[in-house]
Amino acid sequence: MPLTTPQGSTLLNLAANGTNNPDHNPSRVAPRNLFDASVGEDNLFHGDRYKWSLRLTVINLTNKTAVYNFLSTFSGTHFVTPRAYTAELGFHF
């Protein structure tokens, strides 16, 4: 009888030793929920001819560590981007 070592991860759902089958019982990325938020204004100074816009965005608001797969054989598994802030200022004429 072969010795088995426990395997596991909080980011992946791994099949039990000896039960992995790529077609019927593959290892999967664990499900997760991510939240992004964005607020903005299209006419910041209420101008008629020239308009300013401002947008503030937060990606991965809860700063959750997770992995994800693209639906491609050749892309592999990637880590989710950590929390990131973006500010955009626009001038429209």
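These remarks concern the structure in this document. (Residues numbered from 1 in each chain as written. Predicted model: local features only at pLDDT ≥ 70, side-chain atom pairs only at ≥ 80, totals over all residues. Heavy atoms only, no water.)

## As for the side chain of Thr-57
- Secondary-structure assignment places Thr-57 in strand β4 (residues 51–59).
- A distance of 3.1 Å separates the side chain of Thr-57 from the side chain of Ser-38, its partner in a polar contact.
- Among all residues touching Thr-57, those that are not within four sequence positions of it are Ala-37, Ser-38, Ala-84, Tyr-85 and Thr-86. (Helix = DSSP H or I, 4+ residues; strand = E, 2+ residues; numbered from the N terminus. Polar contact = N/O pair within 3.5 Å; in protein donor to acceptor, adjacent residues only side chain to side chain. Contact = heavy atoms within 4.5 Å.)

## Some remarks on the environment of Tyr-68
- Summarising the element assignment, Tyr-68 is placed in strand β5 (residues 67–69).
- Leave out the neighbours within four places in its chain, and Tyr-68 touches Val-29, Arg-32, Gly-76, Thr-77, His-78, Phe-79 and Val-80.

## A few points about the sheet that holds β4
- Taken in spatial order, the three strands of this open sheet run β3-β4-β7, and their pairing is antiparallel. Of all the strands in the sheet, the pair left with one neighbour each is β3 (37–41) and β7 (84–92). Here the average twist between neighbouring strands, direction ignored, is 10°.
- Bridge count between β4 and β7: nine bridges; the pairing is antiparallel. By the bridge assignment, Ser-53 is partnered in β7 with Gly-90. (Pairing = 2+ DSSP bridges. Axes fitted to C-alpha atoms, helices over the stretch in contact; angles between N-to-C directions.)

The values reported here are purely geometric and, on their own, carry no functional implication.
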